[in-house]
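Coordinate inspection notes
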Amino acid sequence: MNCERTKEQLVDYLSSQLSDVEQAALQAHLAECANCREELQAVQGVWQTLGKVRVPEPSEHIRTDFYAMLGTFRESAKPAPDYSLKGLWQWWLELQIPLPVLRLVYSACLVGVGLIGGYWLSGQRTTTQSADQQEVAALAAQVNQMRQVMMLALIENPSATKRLKAVNYTKELEAPTTRVVEALLNTLNNDPNVNVRLATLEALTPLAQDPTVRLGLVRALRYQDSPLVQTALADAMVQLQDPRSVKPLRELLKQDNLDESVKSKIEQSIQTLSNGRPAAPSTLQSNDQTLVSPQPQRAAFVAV
């Protein structure tokens, strides 16, 4: 016997509704538990107070009020008229309607049923197609979000192959987020692998309509030390026709250890940007053991 069980049986104990076994167990618990004895005294007080409450006498109008309430209930509980299909059909047959009018009404009913059915089926088909399109759009959004999460997870991987895979994921994204763009720009400026930087540049160039990406590509010129990346960036600046890149390109020309072929390419790019004419495609073979394709901005690379 615990305190909770004892408190549940106090009312039955006071009204003598417990069995002998239960009553003996409860009394034994009360003898040991002071809290339950206090609870018993409180219940006894309420019990005695309720016993002193006077039972109200019935009103002399109780019979009249009862029958009035009963009459109101009977009025509200009257059964509604039963309009069965059989009765409606019998009423229809009893009407004296000319046969041509009946045929006209019958034809109009058929046309109405056909129109209603066609409208309902068309609405159902439209609703189904709309629901399918929403599901496809939601699924595409989830796939796009999953690719972005995977790209951000792989871009920090120590393996250059994993980082290349992360950059390739961005080419399949419909609308890269700000975090993805920032991760790509950081990779272009700081990744130790030339192939990863070239792939990142290739992924960023189609996004250059974004002012943040375009400005990031211009600023990336000062961080590059690889002739291949420098040349690819110069080609990208010419393709984008961004005059803000002229100053960073001239800063590159001041480097003492600048490769002669890269120097020539940068000078050509500066001249093209100044004149506003597109540059001719160029090919570069350097000691980085990486190949650059003849097309501007499209750099083929070997995974390291």
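In case you missed it, the structure is sitting above this.
What counts, and at which threshold
Residues numbered from 1 in each chain as written. Predicted model: local features only at pLDDT ≥ 70, side-chain atom pairs only at ≥ 80, totals over all residues. Heavy atoms only, no water. Phe/Tyr/Trp six-rings, centres within 6.5 Å; stacked < 30°, edge-to-face > 60°. Helix = DSSP H or I, 4+ residues; strand = E, 2+ residues; numbered from the N terminus. Expected span 1.5 Å × (residues − 1). Buried < 20%, exposed > 50% of the residue type's maximum accessible area, 1.4 Å probe, protein only. Arc of directions from axis to C-beta. Core = buried A, V, L, I, M, F, W, Y, C linked by side-chain atoms within 4.5 Å. Contact = heavy atoms within 4.5 Å.

A few points about the packing of aromatic side chains
One pass over the full model with this rule turns up one aromatic pair. Ring plane angle 70 degrees and centroid distance 5.5 Å describe the contact between Phe66 and Tyr67, whose orientation is recorded as edge-to-face.

A few points about helix 3 (residues 34-51)
The terminal C-alpha atoms of helix 3, which comprises 18 residues, lie 26 Å apart, in line with the 26 Å expected from a rise of 1.5 Å per residue. Those residues of helix 3 not exposed but buried are Cys36, Leu40 and Val43. Projected down its long axis, helix 3 shows its buried positions confined to an angular sector of 70 degrees, all on one face. Across from the buried face of helix 3, at angles greater than 90 degrees, the exposed residues are Asn35, Glu38, Gln41, Gln48 and Thr49.

Side note on the nonpolar core
Of all hydrophobic cores here, the largest spans 45 residues; its most connected members are Leu217, Met237 and Leu249. Secondary structure elements with two or more residues in this core: helix 6 (99-154), helix 7 (160-170), helix 8 (178-190), helix 9 (194-204), helix 10 (211-220), helix 11 (227-240), helix 12 (246-253) and helix 13 (260-275). Among the elements that line this core, the one with the most residues is helix 11, at nine residues. Ignoring anything within four residues of it in the chain, the contact list for Leu249 reads Leu221, Ala234, Ile266, Ser269, Ile270 and Leu273. By size, the runner-up hydrophobic cluster in this structure holds nine residues, among which are Tyr13, Leu18, Cys36 and Val43.

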